[in-house]
Amino acid sequence: MSTLEVRDLRKSFGAIDAVAGLSFTLAPGEMLAVIGPNGAGKSTCFNMLNGQLRPDAGKILLAGPNGTMQDITGLPPREIWRLGVGRTFQITATFASMTVRENVQTALLSHHRRTWRFWRPANRHAGPEADRLLARVGMQSQADRPAGILAYGDLKRLELAIALANAPRLLLMDEPTAGMAPAERTALMTLTRDIARTEGVAVLFTEHDMDVVFGVADRILVLNRGHLIAEGPPAEIRENPEIRAVYLGAHI
Amino acid sequence: MDFFLLQLLTGLASASSLFLVAAGLTVIFGVTRVVNFAHGSLFMLGAYIAWSILSRLPRTPEHFALGVLATALATAAIGALLEIALLRRLYRAPELLQLLATFGVVLVVQDAALWFWGPVDLAISRPPWLRGAIEIAGLRFPFYDAVLIAVGPAVLGLLLLLFHRTRWGLLVRAATQDRDMVAALGVNQRVLYTSVFALGAGLAGLGGALALPQGSANLQMDLAVVTDAFVVVVVGGMGSLGGAFLAALLIGVLQAFGIVLLPKITLVLVFLVMAAVLVLRPHGLLGRPQTAARSEAEALAPIRPAGAALQAAGLASLALAMAAPFVVGPYLLTVLTEAAIAVLFAASLHLMMGPGGMASFGHAAWFGIGAYAAAFATKALGGGLATGLLLAPLAAGTMALVIGWFVVRMSGVYLAMLTLAFAQIAWAVSFQWVEVTGGDNGILGLWPQGWAMDPRAMYWLALALCVGGALLLRRILFAPFGFALRATRDSPLRAAAIGLDAPRLRLAAFAIAGAAAGLSGAVFAYAKGSVFPTYMAIPHSVDALVAVLLGGVQTMAGPIVGAVAFTVLQSWLLTSEFWRFKLGLLIVLLVLAFPGGIAGAAAAAWNRFRRYQP
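Conventions and cut-offs
- Residues numbered from 1 in each chain as written.
- Chains lettered and ligands numbered in written order.
- Predicted model: local features only at pLDDT ≥ 70, side-chain atom pairs only at ≥ 80, totals over all residues.
- Helix = DSSP H or I, 4+ residues; strand = E, 2+ residues; numbered from the N terminus.
- Rg over C-alpha atoms; globule rule 2.2 N^0.38 Å.
- Buried ≥ 20, exposed ≤ 12 C-beta atoms within 10 Å, placed from the backbone.
- Contact = placed C-beta atoms within 7 Å.
- pLDDT = per-residue confidence, 0-100.
- Core = buried A, V, L, I, M, F, W, Y, C linked by C-beta atoms within 7 Å.
- Domains from an automatic or database assignment.
- Pairing = 2+ DSSP bridges.
- Axes fitted to C-alpha atoms, helices over the stretch in contact; angles between N-to-C directions.
- Nonpolar A, V, L, I, M, F, W, Y, C, P; charged D, E, K, R; others polar.
- Expected span 1.5 Å × (residues − 1).
- Bend = angle between axes of the 7 residues up to and from the residue.

(A) Geometry of the overall build of chain B. For chain B, the helix and strand inventory stands at 26 helices and 4 strands. What you see for chain B is a C-alpha radius of gyration of 25 Å, in line with the 25 Å of a compact globule of 614 residues. Its C-alpha atoms give chain B principal-axis dimensions of about 70 × 60 × 50 Å. For chain B, the residues scored as buried account for 55% of the 614 residues in total. Across chain B, contacts joining residues at least 24 apart in sequence account for 80% of those joining residues at least 6 apart.

Pasting the structure below:
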């Protein structure tokens, strides 16, 4: 059984085929990394999966709560989120005028379908649940700080907590460690892997840091110019001569 | 056919004048991102300065041309001075604060012109060559109109040459696309900005000078011109010179035919065109989506519920306000009633502008619709106070729901301009539909009967409804809806990624704000006993903007503090001579001193004070 199934996904911008027929599956609890040089089609692929871009062709199927596969191709981001897909952004996107806890509470309010309430203060909603999520990513001690003044690594962790608020079955992480210090990178992704394992969340991530990719990924997809040129476990990808040539360089 | 050609030529002539003003505005906006409300004032100064110069020169064509050029140079110098003295200090401030500062300048210039040139409209006596006519295709056509038709394209050509053939023009175009990058490349931004502002001001002055022979220099032209110029710039696409030219042609010609064919709706026509263009092309005819200026990505202040100290202060002020009728005289009671109404009016704007991130230049529309709804409830339906107070927010809220459907899909200045367009349409309807609204004479005799006849009772009613309403809005902002709304403002991307429906949330905020403003309008109608089209006019929309920005848009107490401060200030200054000058100067000084508003500055001071506590 898989959580996500992508069939022959395509997107062109003018004459450029950004994603030219991409197919793959993703199992629950699996960490799948997408790598490739700039312009390989990683971001386009991500933006189609989370609904920011509509594919030209192809299908995206997501496992529902009872295991049946649902077609989510072309749905807007907020509906895809409702179906159990969390995401983090390459450039962090959080609510700067709120505290860390309120950021998570806002996501929980939406998850619990309590957004259209006009009376009871929002920051009294699901405080313990928000704190559990923050504890999960190691941000509990900063729960009352404004999100606008957090260090970058902390923002990334807050994003992860927000992304986990709807108990997703699929987590999409676009360059989750960009802009972080090396030690923080491994810590964040190890944490993500623990969550994937314990809660059966399927994780799809792009990443430029090869230490992180080979350290935490169960499987790797290599894209180049919109095509899938290789797929396999880290050890196999590392030894693939073609990939060394186009992407990794001889030094690895 | 003759009629068609004549109207077309007349339209082209007025298109040229429109273009001159709009060109300056769009160039200034493109580079400095300043929405210059004072652009019409520069135009007005141009007309007055031209009068002063031309009425002293011999009346030959050569001297006329010289005088016009001298006027353009003089207004350019004034513009440069304005940029150096004021706007330069505000580039890092939130966009809307610059708008507020330039509105302060509008007030100052109005009274300065009144003091210097007097209240009488000034026209120059037109020499024969100016009054002559030429023949075009067998038709006699005013010579001066032909000159104007030529000036527009000539100025466009010169500007395009300037922008595309000089190094300075290259920098201006680069800065229009990405001013941070231009700064990073080592370009002296100060000189660039000042010169661009001077150029824009000079164009406005040129427009004013060229408009003089066809009319007069008067004190009303500033707001009239700046509204038209805004429309042209927005229809063309902010920052696009070619777009401004196209839009000026479109609107100039349309107006020329509209006046003859559809005289009833002339006031509405322009704004209908703008609304239609914006709905079809949200960034204007030739405009591009604005790139967010990186340096301006101001850290959004965290918003916290009121602490114990602030709550105590609020309760104390409320108690004082309730006891006021026992202490103050009738005049002050009127002022306080107006202040209470202003509080709800400002708080409703704040809801959409602060947490909603949708600044409106036309908030008075909802106030006015509420006021007229109350008037109809009383006059046409024969209902009492309660009927009117119930009907007003319903009417304004429903209208806001309909208009909001178009508005909430836009952002920034375009959104603001669309709200302005709607407010102008509403104003024009109330002004021109005399049979129903009484036109300029308004609707009188709305005094409520019975208990509310007592001014004190009316004051308490206003206090209960308006301050109560404002507190209710505040409650909403801290409720889940308010958080969701703020989330869509803070990060649209993240809001969508947690399932929030931004357009619906914004639409709801828009309708709530409209309904609340409508209620404040109804209370105002009953307190004053009358309604007039001016309730919906631009200056009244600006009142709300000033109150919110003065108080501080990023604080929840801001609109309340700002509305009270502004109402009291206004009524205190209103009785004195040259009150506009004083008020304008005060606004400018407050903006310079407290870029975060009064409440924002107080909050910052309080935080500093607390940090020194053990």
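(B) The confidence of the model for chain A, seen in detail. Scored by pLDDT, chain A comes out at a mean of 90, with 98% of its residues at no less than 70. Here helix α9 (residues 241-248) of chain A stands out as the least confident element of chain A, with mean pLDDT 74; helix α3 (residues 100-111) of chain A is the most confident, with 96.

(C) Region of interest: the nonpolar core. All names here are of chain B. With 303 residues, the main nonpolar core has Ala 22, Ala 47, Val 232, Ala 248 and Val 343 as its most contacted residues. If you count residues domain by domain, this core takes at least three from each of domain 1 (2-122 + 133-288) and domain 2 (331-579). The residues contacting Ala 248, other than those within four sequence positions of it, are Ala 15, Leu 18, Phe 19, Ala 22 and Val 232.

(D) Fine view of the sheet that holds strand β1 (residues 4-13) of chain A. Residue and element names in this part refer to chain A. Strands sit in the order β2-β1-β4-β5 across an open sheet of 4 strands; the sheet is antiparallel. Taken across any chain shown, the strands that pair with only one partner, and hence form the sheet edges, are β2 (16-26) and β5 (69-71). This sheet shows a mean twist of 25 degrees between the axes of neighbouring strands, independent of strand direction. Sheet topology note: the β1/strand β4 (residues 57-63) ladder contains 5 bridges and is antiparallel.

(E) Representation of the interface of chain A and chain B. Counting from both sides, the interface comprises 33 residues of chain A and, opposite them, 26 residues of chain B. Counting residues per element, the ones that place at least two in the side of chain A that touches chain B are α2 (77-82) and α3 of chain A. Looking at the side of chain A that touches chain B, the element that brings in the most residues is α3 of chain A, giving 5 residues. Partitioned by chemical class, the residues of the side of chain A that touches chain B number 17 nonpolar, 9 polar and 7 charged.

(F) Representation of the domain arrangement of chain B in the model. Residue and element names in this part refer to chain B. Per the domain assignment, the segments of chain B are domain 1 (2-122 + 133-288) and domain 2 (331-579). Domain 1 and domain 2 are separated by 31 Å when their C-alpha centres are compared. Of the residues lining the interface, 23 residues belong to domain 1; the matching set on domain 2 comes to 22 residues. Mapped by element, the contributors of at least two residues to the side of domain 1 that touches domain 2 are α4 (95-117), α10 (221-236) and α12 (266-280). For the side of domain 1 that touches domain 2, the leading source of residues is α12, giving 8 residues. Per-class residue counts for the side of domain 1 that touches domain 2 are 19 nonpolar, 2 polar and 2 charged.

(G) Main features of helix α16 (residues 385-407) of chain B. Taking 1.5 Å of rise per residue, 23 residues should cover 33 Å, and α16 of chain B covers 32 Å from first to last C-alpha, within 8% of that figure. Within α16 of chain B, the axis deviates most sharply at Leu 401 of chain B, by approximately 25 degrees.

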